[in-house]
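This is what each chain is made of:
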Amino acid sequence: MSALRRFLRTPEAVAGAILLAVLIAMALSASLLFPGDPQAIAGPALLPPFQDWSLPLGTDRLGRDVLAELFHGARTSLAVGLAAAAAALVVGAVVGTLAGFAGGLVDEVLMRITDAFQTVPSFLLALAFVSVVGPSLGVVAIALGTWTGPARVARAEVLSIRERDYVAGARVIGMHPLAIAFREVLPNALPPVLAMSSVIVAAAILTEAALSFLGLGDPNRVTWGGMISEGRAVLRTAPFLSIVPGIALVLTVLGVYLAGEGIVETTAVRRGLS
Amino acid sequence: MTALATIRDLTVTYRRDGSEVTALKGVNLDIVAGERLAIIGESGSGKSTLALAVAGLLPASARIEGHIDWFMPPTLGAKAPPSVLPDISPSRGEIGSSTVGSSPTASVIGESGDEGAISPLEGEMSGRTEGGAVERQPFHRSGVPLHGRDIGFVFQDPSASLDPVMTIGKQIAEVARTHLGLTWSQSYARAKSLLERVRLPDPDSALRAFPHQLSGGQKQRVAIAAAIAAGPKVLIADEATSALDTIVQAEIVALIRRLVTEDGMTLLFISHDIALAAELAERVAVFRHGQLVELGMTAQIVGAPAQPYTRALLNAHIGLDTRPLLDRAGLHA
Amino acid sequence: MSLLAVSNLTKRYRRGGKTIAAVDDVSFHVDPGETLALAGPSGSGKSTIARLVLRLIEPDDGRIEFESDDFLALRRAALRARRARLQMVFQDPLAAFNPRATVARVLDDPLRIHGIASRAERPRRIAALLERVGLTADLAPRAIHEISGGQRQRVAIARAIATKPSLIVLDEAVSALDVSVRGEILELLLDLQRQEKIAYLFISHDLGVIRSIAHRVILLDAGRVAENGDARTVIDAPQSAIGKALVAAAPRLNRAGP
């Protein structure tokens with residue numbers, strides 16, 4: 001309760017939360033407000049915004065409803081961004097915990113693999129993966145380049161936690177090493193890892209948009225990156241086709257980041273006081 | 001007796017996560033110039049809060065009511081550059097110098113101290129209205145001594161109070177330079193003589209050493225040297241020996257006793273260990289739940305405690321002559 | 001027959017290119033139901049010995065026999081199973097528990113791991129353990145960080161006795177407690193020893209407490225045994241230099257009166 005109140009007292013966090021709430025509302029209401037295929041033709045092509053109130057944001061080159069595309073695109077951005085970030089955090093936390101807790105050869109092998117992934121730029125990695133496997137596994141492609149950060153942070157935290165008395169205590173009562181790693185150590189190593197989640201989600205949403213922009217997104221779904229790419233051809237005559245999804249993207253990333261920082265800040269204050 | 005400081009109705013409240021915790025409740029206590037006063041209590045007794053309040057080191061989030069009035073002679077005025085002087089008001093300085101001549105009489109015990117404190121307290125009232133406009137809070141410290149120059153503070157954990165990336169010599173010299181207006185070379189010379197005074201082996205190489213190269217006891221000696229570097233009138237030791245083993249603890253206590261005697265400092269020795277405090281202090285103040293339970297000369301507190309809590313603390317002490325629990329439990333073969 | 005027999009135990013550390021023996025050729029034994037105290041200044045190796053005996057770290061040399069078995073030869077599952085008989089209580093009860101744990105979870109773990117009680121039976125066993133150490137069963141759902149230091153140390157003792165051990169290592173187990181609580185915890189430990197015939201390896205720097213509750217004492221200095229014998233005999237008239245220094249440094253309360 002008081003954590004929520006503290007969260008609401010930070011203006012940036014509130015702004016972020018409002019942006020995120022709007023985004024989530026858009027994603028959830030997309031099929032209610034705009035049933036049917038958002039990629040179907042709804043009117044004349046290249047209708048500018050605010051001309052026809054049945055198509056408030058106008059239409060694109062093929063006469064598709066931009067507002068409907070925007071709502072359905074929110075769904076893709078959010079789903080892919082969150083799924084990729086969640087995958088990256090889970091894989092990173094598990095790898096980092098195993099490496100830090102086991103030490104020795106396990107640590108060496110896992111951390112050299114982490115190094116290998118980290119030295120390749122994450123966008124190139126995603127690009128290469130999607131061009132080989134195809135766009136249906138976009139989530140995996142994005143997670144591939146982002147799990148290394150959480151893994152390093154988790155390992156560093158685990159290295160300090162495994163020397164604590166309560167880990168020795170768990171060994172003394174005969175707990176299995178894997179149970180110690182995942183029941184005693186990992187939950188306590190998580191806060192700094194989760195603190196990275198806002199950055200990772202934001203990065204994942206941007207990577208998804210960039211992949212779609214390059215035509216490597218899922219062709220059966222509307223994506224903001226794809227919309228920007230579409231609009232690029234008519235940038236001079238109909239700039240709103242690129243600007244509208246562009247603004248949506250910026251606000252989403254900003255919202256995720258601000259809300260995430262707000263949560264981290266609030267929990268950090270609570271931990272600092274206890 | 002000469003009061004160096006009078007603490008009146010001191011209440012300290014910490015605000016934490018919406019709720020308030022009162023660490024000290026209406027404490028009245030006089031600190032006698034030149035005495036060794038022990039503040040005794042268990043965890044949550046408020047003894048460390050009192051130490052911080054006296055040193056002016058309480059966090060900004062703490063709410064402070066009541067007042068601490070100082071009657072501190074401006075002994076260091078001659079050595080200090082004018083720039084560090086203004087916070088001792090001239091009027092306060094006069095009161096201080098008029099009272100500092102008489103030496104404290106050890107026979108006066110705490111309870112009767114209140115009468116003796118009335119006159120300086122009355123004189124203080126005028127000063128309070130002057131200062132009252134400046135401070136919004138009802139709390140008020142007059143003739144405020146400066147932490148570091150007038151009050152030296154030794155914390156429990158020397159590894160936390162020393163800067164890990166600064167040489168020992170520089171940490172001590174910096175105190176001397178800041179408060180005494182010495183040049184760096186004079187400050188280093190003073191640092192070296194201080195390290196000799198705290199009996200650190202090989203002071204020359206210790207000047208260039210970093211804290212992690214020293215043992216716990218040696219670090220605490222360095223922390224003491226830094227605390228007394230500016231020649232303070234008051235030394236506050238807050239559980240300064242609790243993290244050390246028994247042998248080192250005895251050495252540090254002996255060191256503190258010697259330094260306090262040689263420099264005529266007033267000592268506030270904060271401890272949970274009544275036996276240790278009784279060996280060092282002339283007077284003992286027993287705290288519990290933020291309140292002063294009993295105050296008296298050490299022999300009276302230890303030999304004839306008036307309060308049941310003091311008696312319970314004394315009975316809980318397990319010394320080398322205490323009847324073993326094993327005998328009482330009937331386990332010893 | 002000794003419960004625990006340690007012989008020629010040695011543990012070396014490398015620090016800055018130099019090898020330092022934290023524990024140097026130490027031998028001792030603990031009989032069933034007795035308290036052996038290890039005392040010495042910091043750096044004397046007493047806590048290292050505790051961790052070696054519990055196999056939290058491995059020795060460089062020496063033998064540990066526990067309940068007539070070669071304790072150092074036990075591996076993996078066999079070692080974890082035998083840990084039920086050899087427990088530990090730490091100095092700082094807050095650091096000794098997972099910060100997210102509740103009292104119930106802390107006591108549930110050993111009962112579950114060693115198959116001492118079925119899932120249905122465990123809440124009753126937890127309540128019984130809490131009552132055995134002088135706490136009430138309604139403490140079970142509370143978080144570890146909510147209860148007082150003394151209550152926490154009682155929970156630590158309850159966890160240690162949950163698996164019916166024959167030996168408990170007490171590593172400065174009463175040093176961080178308030179004096180009023182310390183007495184109660186010592187009484188509890190003595191009562192458990194009398195009722196359950198538990199032996200203690202009592203690590204402490206406080207000779208007063210050792211003299212009060214230990215049968216025998218070993219004084220350590222720089223990783224070696226300096227003196228050993230009956231606790232009161234040794235502390236009342238120490239022969240070794242370190243023994244004399246420790247006794248001289250202990251604070252004394254002169255209660256003769258003014």
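Computed from a predicted model, the values in this text were never measured in an experiment.

Chemist: Quick rundown of the overall build of chain C? Include the residues and the values.
Modeler: Each helix and strand in chain C was counted, giving nine helices and ten strands. Scaling as 2.2 N^0.38, a compact globule of 258 residues should have a C-alpha radius of gyration of about 18 Å, and chain C matches this with 19 Å. Considered along the principal axes of its C-alpha atoms, chain C spans approximately 60 × 55 × 40 Å. Across the 258 residues that make up chain C, the buried fraction comes to 47%. Restricting the contact set of chain C to residue pairs at least 6 apart, pairs at least 24 apart contribute 67%.

Chemist: Tell me what's going on with the overall build of chain A, and back it up with residues and numbers.
Modeler: Across its full length, chain A carries twelve helices and zero strands. Listing the helices and strands of chain A from first to last along the sequence gives α-α-α-α-α-α-α-α-α-α-α-α. By principal-axis analysis of the C-alpha atoms, chain A measures approximately 75 × 45 × 30 Å. Across the 274 residues of chain A, 45% fall into the buried class.

Chemist: Give a detailed account of the interface of chain B and chain C, specifying residues and quantitative values.
Modeler: Counting from both sides, the interface comprises 34 residues of chain B and, opposite them, 35 residues of chain C. Looking at the side of chain B that touches chain C, its residues break down into 20 nonpolar, ten polar and four charged.

Chemist: So what's going on with the confidence of the model for chain A? Which residues, and what values?
Modeler: A residue-level look at chain A finds 97% of positions with pLDDT of 70 or above and a mean pLDDT of 88. Of all helices and strands in chain A, the one with the weakest mean pLDDT is helix α1 (residues 2–9) of chain A (74), whereas helix α8 (residues 165–172) of chain A scores best (96).

Chemist: Kindly report on the packing of helix α5 (residues 122–133) of chain A against helix α6 (residues 138–146) of chain A, identifying the contributing residues and their values.
Modeler: Residues and elements named next belong to chain A. Packing of α5 against α6 brings their axes to within 8 Å, and their N-to-C directions diverge by 150°. Accordingly, the angle class assigned to the pair α5 and α6 is roughly antiparallel. For the element pair α5 and α6, the recorded crossing hand is right-handed. Contact with α5, carried on its side by Ser122, Phe123, Leu125, Ala126, Phe129 and Val130, involves Gly138, Val140, Ala141, Ile142, Leu144, Gly145 and Thr146 of α6 and no other residues of that element. For the contact of α5 with α6, the residue count by class is nine nonpolar, four polar and no charged.

Chemist: Outline the sheet that holds strand β10 (residues 291–297) of chain B, listing residues and values.
Modeler: Residues and elements named next belong to chain B. Reading across the sheet, the six strands line up as β6-β7-β8-β3-β9-β10 and stay open at both edges, with mixed pairing between neighbours. The sheet is open, and its two borders are formed by β6 (151–154) and β10, each paired with just one other strand. For this sheet, the mean inter-axis angle between neighbouring strands, taken without regard to orientation, is 15°. Alignment of strand β3 (residues 36–40) against strand β9 (residues 283–288), held across four bridges, turns out to be parallel.

Chemist: So what's going on with the interface of chain A and chain C? Which residues, and what values?
Modeler: Facing the 15 residues of chain A at the interface are 22 residues of chain C. Residue assignment for the side of chain A that touches chain C shows that the elements contributing at least two residues are α8 and α9 (177–194) of chain A. In terms of residue count, the dominant contributor to the side of chain A that touches chain C is α8 of chain A (six residues). For the side of chain A that touches chain C, the residue count by class is six nonpolar, five polar and four charged.

Chemist: Which residues make up helix α9 (residues 246–263) of chain B, and what values go with them?
Modeler: With 18 residues, α9 of chain B extends 26 Å from end C-alpha to end C-alpha; this agrees with the ideal 26 Å at 1.5 Å per step. Looking one or two residues past α9 of chain B, glycine 264 of chain B carries a phi angle of roughly 60°, positive in sign.

Chemist: Any details on the sheet that holds strand β4 (residues 61–66) of chain C? Residues and values, ideally.
Modeler: Residues and elements named next belong to chain C. Across the sheet, which stays open at both edges, the four strands sit in the order β2-β1-β4-β5 with antiparallel pairing between neighbours. Edge strands, defined here as strands with exactly one partner in the open sheet, are β2 (18–30) and β5 (69–70). In this sheet, β5 lies alongside β4 in antiparallel orientation, the contact comprising two bridges. Note that in β5 the partner of glutamate 65 across the bridge is aspartate 70.

Chemist: Can you tell me about unusual backbone geometry, naming the residues and giving the values?
Modeler: Residue and element names in this part refer to chain C. Despite not being glycine, aspartate 25 has its phi angle at roughly 55°, a positive value. Tracing the backbone shows aspartate 25 in strand β2. With 14 C-beta atoms packed within 10 Å, aspartate 25 lands in the partly exposed category. Phi is positive for lysine 164, close to 50°, though the residue is something other than glycine.

Chemist: Run through the nonpolar core, naming residues and quoting values.
Modeler: Core analysis: the biggest nonpolar cluster contains 151 residues, and Val53, Leu201, Ile210 and Val217 of chain C have the highest contact counts within it. Looking at this core, the element that brings in the most residues is helix α3 (residues 66–102) of chain A, giving 17 residues. Residues contacting valine 53 of chain C, with those up to four places away along its chain left out, are Leu4, Val6, Ile64, Val169 and Leu201 of chain C.

Chemist: Would you mind going over the packing of α3 of chain A against helix α4 (residues 104–119) of chain A in detail, with residue names and values included?
Modeler: Between two packed helices, both the angle of their axes relative to each other and the distance between the axes serve to describe the pair. All names here are of chain A. Where α3 meets α4, the closest approach of the two axes is 7 Å, and the angle between their N-to-C directions is 145°. The handedness of the crossing between α3 and α4 is left-handed. Listed contacts from α4 to Val95, Leu98, Ala99, Gly100 and Ala102 of α3 are Gly104, Val106, Asp107, Leu110, Met111 and Thr114. When grouped by side-chain class, the residues that make up the contact of α3 with α4 number seven nonpolar, three polar and one charged.

Chemist: Tell me what's going on with the pairing of strand β1 (residues 4–15) of chain C, and back it up with residues and numbers.
Modeler: Residues and elements named next belong to chain C. Examined bridge by bridge, β1 and β2 share nine bridges and lie antiparallel to one another. Looking across to β2, one finds that arginine 12 is bridged to alanine 21. Here β1 folds back onto β2 in antiparallel fashion, the turn holding two residues, of which glycine 16 has a positive phi close to 60°. Across five bridges, the pairing between β1 and β4 is antiparallel.

Chemist: Describe in detail the confidence of the model for chain C, supporting the description with residues and values.
Modeler: The share of residues in chain C with pLDDT of 70 or more is 99%, and the mean pLDDT across the chain is 94. Our summary of model confidence lists the complex with pTM equal to 0.84 and ipTM equal to 0.92.

Chemist: Run through helix α6 (residues 184–197) of chain B, naming residues and quoting values.
Modeler: All names here are of chain B. In this model, α6 (14 residues) spans 20 Å end to end at C-alpha, consistent with the 20 Å of a helix rising 1.5 Å per residue. Among the structural elements, α5 (168–180), α7 (203–207) and α8 (216–227) are those in contact with the buried residues of α6. At the C-terminal side of α6, arginine 199 shows a positive phi close to 60°.

Chemist: Tell me about the environment of alanine 45 of chain A, and please be specific about residues and values.
Modeler: Residues and elements named next belong to chain A. Here alanine 45 is to be found in the loop between α2 (11–33) and α3. When the 14 C-beta atoms within 10 Å are taken as the criterion, alanine 45 is described as partly exposed. As for alanine 45 and glycine 73, which are separated by 28 residues in sequence, their C-alpha atoms are 19 Å apart. Contacts of alanine 45, omitting those with residues within four sequence positions, involve Thr59, Arg61, Leu62 and Gly63.

Chemist: Could you give an account of the environment of isoleucine 161 of chain A, naming the residues involved and the relevant values?
Modeler: Residues and elements named next belong to chain A. Tracing the sequence through the fold places isoleucine 161 in helix α7 (residues 148–161). The spacing of isoleucine 161 and valine 90 is 71 residues in sequence and 19 Å in space, taken between C-alpha atoms. Apart from the residues lying within four places of it in its own chain, the contact partners of isoleucine 161 are Val167, Val185, Asn188 and Ala189.

Chemist: Run through the environment of serine 61 of chain B, naming residues and quoting values.
Modeler: Residue and element names in this part refer to chain B. Inspection of the secondary structure puts serine 61 in the loop between α1 (47–55) and β4 (62–70). C-beta crowding within 10 Å serves as the criterion here: with 9 such atoms nearby, serine 61 is assigned to the exposed category. Between the alpha carbons of serine 61 and arginine 16 there is a distance of 8.8 Å; along the sequence they are 45 residues apart.

Procedures and definitions
Residues numbered from 1 in each chain as written. Chains lettered and ligands numbered in written order. Predicted model: local features only at pLDDT ≥ 70, side-chain atom pairs only at ≥ 80, totals over all residues. Helix = DSSP H or I, 4+ residues; strand = E, 2+ residues; numbered from the N terminus. Rg over C-alpha atoms; globule rule 2.2 N^0.38 Å. Buried ≥ 20, exposed ≤ 12 C-beta atoms within 10 Å, placed from the backbone. Contact = placed C-beta atoms within 7 Å. Nonpolar A, V, L, I, M, F, W, Y, C, P; charged D, E, K, R; others polar. pLDDT = per-residue confidence, 0-100. Axes fitted to C-alpha atoms, helices over the stretch in contact; angles between N-to-C directions. Parallel < 35°, antiparallel > 145°, perpendicular 65-115°, else oblique. Left-handed = near helix turned anticlockwise from the far one by under 90°. Pairing = 2+ DSSP bridges. Expected span 1.5 Å × (residues − 1). Core = buried A, V, L, I, M, F, W, Y, C linked by C-beta atoms within 7 Å.

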